[in-house]
Amino acid sequence: MKTWFADIEINEDGSVADCSPCTQDVQQLAERLLVFQADPKQIPPAGFDPVQNAIECGFVAGETEYYSLLQQVCIAATRLKIKNSYSPDLRIIHAVEALDDIDEAANLLAERLGIWYGEHFPEAGMLTENLAKFVAENGLRQDLQQDSQFHEAARSSVGMEMDAEDGAIIKAFAADLTSLYERRHVIEAYIHKNMEQLAPNLDEVAGANLGARLISMAGGLQSLSRMPSSTIQVMGANQALFKHLRGKATSPKHGIIFNHPLIKNSHPKIRGKMARALASSLSIASRVDAFSGQLNPAIKEKLDRKVQSIKEGSK
């Protein structure tokens with residue numbers, strides 16, 4: 001029998017027949033304790049006294065030393081569990097949430113820049129990232145070069161005048177917003193890379209962005225793999241689902257998976273069937289990724305055949 005402090009052979013009467021105590025290295029004992037806790041076969045028999053056996057084995061000199069060492073080992077084991085809890089899907093969850101935070105901030109800043117610069121040069125006709133890059137590179141309309149496609153529009157603009165101090169502020173503001181958009185692209189590429197490695201089948205069926213968002217909403221790949229396809233189908237449609245449960249709306253046909261091209265580009269009459277087919281494939285893909293991690297092209301091929309069948313049946 002294995003314990004956290006020794007390998008022990010027990011006689012029929014419960015006495016120790018043989019014992020191989022471990023060293024009192026706290027880190028090694030912590031690793032052993034975690035293995036011991038994860039193996040239900042190592043549960044000691046009824047009546048087993050770990051303190052007395054540790055003393056008999058010569059592992060410790062007395063009860064005080066046993067509990068003092070056990071406390072240190074438990075703390076070290078907890079630290080190890082925390083350190084090892086950063087699973088690969090957790091980095092995807094954080095990246096998706098960071099993407100949402102960037103989008104929220106960027107949208108507010110882009111709206112402010114659009115109003116601010118629009119009052120100065122409304123003829124530019126640009127928004128969001130394009131406008132931010134334009135202002136960061138060119139500044140005010142009077143700073144545009146003659147070879148710029150907006151040069152003539154700038155000369156006849158009806159927008160209000162801004163001086164050099166205004167231009168420096170708004171140009172720096174646009175540069176900060178541009179860097180935020182650039183950081184968004186970096187995080188998005190990071191999500192794509194990790195999805196290919198962690199969930200290749202989910203990436204193949206849903207696409208990196210949608211697949212990562214499903215993992216984030218589920219709280220992890222393992223959690224997603226345990227969900228039935230009916231839950232995946234309406235994930236993200238919380239308000240519509242609650243209205244349906246209160247009898248104030250029909251049952252939602254889809255949630256966040258609406259963003260998948262198969263559903264978004266389908267005729268409304270067959271969106272429900274498309275959503276069920278896609279959710280079923282997503283459920284299978286997440287399970288294969290969670291327990292195998294190997295790409296299985298048959299999942300996507302089966303979905304393609306089902307989609308074709310739905311389209312033909314609707315004609």
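1. Some details on the pattern of salt bridges
Item 1. If you walk through the whole model with that rule in mind, you get nine salt bridges.
Item 2. Across the salt bridge formed by Arg-155 and Glu-152, the nearest N and O atoms sit 3.7 Å from each other. Placement of the pair is Arg-155 and Glu-152 together in helix H6 (residues 151–155), with a separation of three residues, close to one helical turn.
Item 3. Here Glu-152 falls in the exposed class, since its relative accessible area comes to 51%.
Item 4. Linking Asp-304 and Lys-300 is a salt bridge whose minimum nitrogen-to-oxygen distance equals 3.1 Å. Pair noted here: Asp-304 and Lys-300 are both in helix H15 (residues 297–313), with a separation of four residues, about one helical turn.
Item 5. Residue class for Asp-304 comes out partly exposed when judged on its relative accessible area of 37%.
Item 6. You can call Lys-300 partly exposed: its relative accessible area is 24%.
Item 7. Overlapping salt bridges, with partners in common, bring together Lys-2, Asp-7 and Arg-32 in one network.

2. Quick look at helix H3 (residues 63–84)
Item 1. For H3, built from 22 residues, the straight-helix expectation of 32 Å at 1.5 Å per residue is met to within 8% by its first-to-last C-alpha distance of 31 Å.
Item 2. For H3, every residue scored as buried is listed here: Tyr-66, Leu-69, Leu-70, Val-73, Ala-76, Ala-77 and Leu-80. On an axial view of H3, the arc spanned by its buried residues comes to 135°, and they lie on one face. For H3, the exposed residues set more than 90 degrees away from the buried face come down to Thr-64, Gln-71, Arg-79 and Ile-82.
Item 3. Summarising the contacts, the buried residues of H3 are in contact with helix H1 (26–38) and helix H2 (50–56).

3. Considerations on the packing of helix H5 (residues 128–138) against helix H7 (residues 164–198)
The relative placement of two packed helices is expressed as an angle between their axes plus a distance between the axes.
Item 1. Packing of H5 against H7 brings their axes to within 8 Å, and their N-to-C directions diverge by 135°. Classified by the angle between their axes, H5 and H7 sit oblique to one another. Relative to H7, the crossing made by H5 is left-handed. On H7, the residues touching Thr-128, Glu-129, Ala-132, Lys-133, Val-135, Ala-136 and Glu-137 of H5 are Ile-170, Lys-171, Ala-174, Ala-175, Leu-177, Thr-178, Tyr-181 and His-185.

4. Side note on the packing of helix H14 (residues 271–291) against H15
Item 1. For the pair H14 and H15, interaxial distance at closest approach is 10 Å and the crossing angle is 175°. Put simply, H14 runs roughly antiparallel to H15. In this structure, H14 contributes Lys-273, Met-274, Ala-277, Leu-278, Ser-281, Ile-284, Ala-285 and Val-288 to the contact, and H15 contributes Ile-299, Leu-303, Lys-306, Val-307, Ile-310 and Lys-311.

5. Remarks on the side chain of His-151
Item 1. By secondary structure assignment, the location of His-151 is in helix H6.
Item 2. If we ignore the near neighbours within four places in the chain, the residues touching His-151 are Leu-144, Gln-145 and Gln-146.

6. Remarks on a positive patch on the surface
Item 1. Together, Lys-253, Lys-273, Arg-276 and Lys-306 give the surface a local cluster of positive charge.
Item 2. Residue position: Lys-273 is located in helix H14.
Item 3. Classification of Lys-273 by relative accessible area gives partly exposed; the value is 48%.

7. Here's the deal with the packing of aromatic side chains
Item 1. For the structure on display, the rule yields 11 aromatic pairs.
Item 2. Aromatic pair Trp-4 and Phe-59: ring centres 5.6 Å apart, planes at 90°, arrangement edge-to-face. Linking Trp-4 in the segment before strand E1 (6–10) with Phe-59 in the loop between H2 and H3, this pair joins segments that are 55 residues apart in sequence.
Item 3. For Trp-4, a relative accessible area of 6% corresponds to the buried category.

About the cut-offs
Residues numbered from 1 in each chain as written. Predicted model: local features only at pLDDT ≥ 70, side-chain atom pairs only at ≥ 80, totals over all residues. Heavy atoms only, no water. Salt bridge = Lys/Arg side-chain N within 4 Å of Asp/Glu carboxyl O. Helix = DSSP H or I, 4+ residues; strand = E, 2+ residues; numbered from the N terminus. Buried < 20%, exposed > 50% of the residue type's maximum accessible area, 1.4 Å probe, protein only. Expected span 1.5 Å × (residues − 1). Arc of directions from axis to C-beta. Contact = heavy atoms within 4.5 Å. Axes fitted to C-alpha atoms, helices over the stretch in contact; angles between N-to-C directions. Parallel < 35°, antiparallel > 145°, perpendicular 65-115°, else oblique. Left-handed = near helix turned anticlockwise from the far one by under 90°. Patch = residues over 30% accessible without salt bridge, like charges linked within 9 Å, V, L, I, M, F, W, Y side chains within 5 Å. Areas by Shrake-Rupley, 256 points an atom, 1.4 Å probe, with all protein chains shown as cover. Lys, Arg positive; Asp, Glu negative; His and termini not counted. Charge placed at Lys NZ, Arg CZ, Asp CG, Glu CD. Phe/Tyr/Trp six-rings, centres within 6.5 Å; stacked < 30°, edge-to-face > 60°.

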